[in-house]
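# Per-entry structural report
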Amino acid sequence: AQSTCNCLFNGSILPPSEWKENFLKIQKLVLIGGPDDGVITPWQSSQFGFYDDNETVIEIQHQDLYLKDVFGLKTLAARRDLIFCSFPGVQHVWWHSNETVFHTCIEKWLV
């Protein structure tokens, strides 16, 4: 059985209109992930990538959720406020404390 939350994100249920309005209040959305995470599967789901029915990873830019701008990701990208930072060599438990990830993916967006 699939959770309601997963249905919302895989496009089978549309989220409330307020979600998009609220989501677009984000100034910058930095999505960080990498192939060596070891916990998140597929690791691309840390950047809204999902498996299709054949277990092929479909990047967010090729999903209806993005293409139809269901909750604002495409709008964020158009404003250049959607940032993808893919970083190999970092295991799941080290994302929060990896200084290279911080300096490469996060620091420049802090105001």
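Residues numbered from 1 in each chain as written. Predicted model: local features only at pLDDT ≥ 70, side-chain atom pairs only at ≥ 80, totals over all residues. Heavy atoms only, no water.

Summarising the element assignment, D37 is placed in the loop between strand 1 (29–33) and strand 2 (50–51). One buried charged residue, D37, forms no salt bridge at all, with the nearest opposite charge on K108 at 20 Å. What D37 contacts, discounting residues up to four positions off in sequence, is V90, Q91, H92 and W95. (Helix = DSSP H or I, 4+ residues; strand = E, 2+ residues; numbered from the N terminus. Buried < 20%, exposed > 50% of the residue type's maximum accessible area, 1.4 Å probe, protein only. Lys, Arg positive; Asp, Glu negative; His and termini not counted. Salt bridge = Lys/Arg side-chain N within 4 Å of Asp/Glu carboxyl O. Contact = heavy atoms within 4.5 Å.)

For the structure on display, the rule yields one disulfide. Sulfur-sulfur distance for the disulfide between C85 and C105 comes to 1.8 Å. Taking the torsion about the sulfur-sulfur bond, which here is approximately -45°, the covalent link between C85 and C105 counts as left-handed. Of the two residues, C85 sits in strand 4 (residues 82–86) while C105 sits in helix 5 (residues 99–106), which places them 20 residues apart along the sequence. The exposure class assigned to C105 is buried, which follows from its relative accessible area of 1%. (Disulfide = S-S within 2.5 Å.)

Residues F102, I106 and L110 make up a contiguous nonpolar surface patch of roughly 240 Å² in combined accessible area. Tracing the backbone through its elements, the reader meets F102 in helix 5. (Patch = residues over 30% accessible without salt bridge, like charges linked within 9 Å, V, L, I, M, F, W, Y side chains within 5 Å. Areas by Shrake-Rupley, 256 points an atom, 1.4 Å probe, with all protein chains shown as cover.)

Let's shift gears to the packing of aromatic side chains. Under the defined criterion, the tally for this structure stands at two aromatic pairs. Residues F23 and F71 carry aromatic rings whose centres are separated by 4.8 Å and whose planes lie at 85° to one another, so their mutual orientation is edge-to-face. With F23 in helix 2 (residues 17–23) and F71 in the loop between helix 3 (64–67) and helix 4 (73–78), this pair connects stretches of sequence that are 48 residues apart. Relative accessible area serves as the criterion here: at 16%, F23 is assigned to the buried category. (Phe/Tyr/Trp six-rings, centres within 6.5 Å; stacked < 30°, edge-to-face > 60°.)

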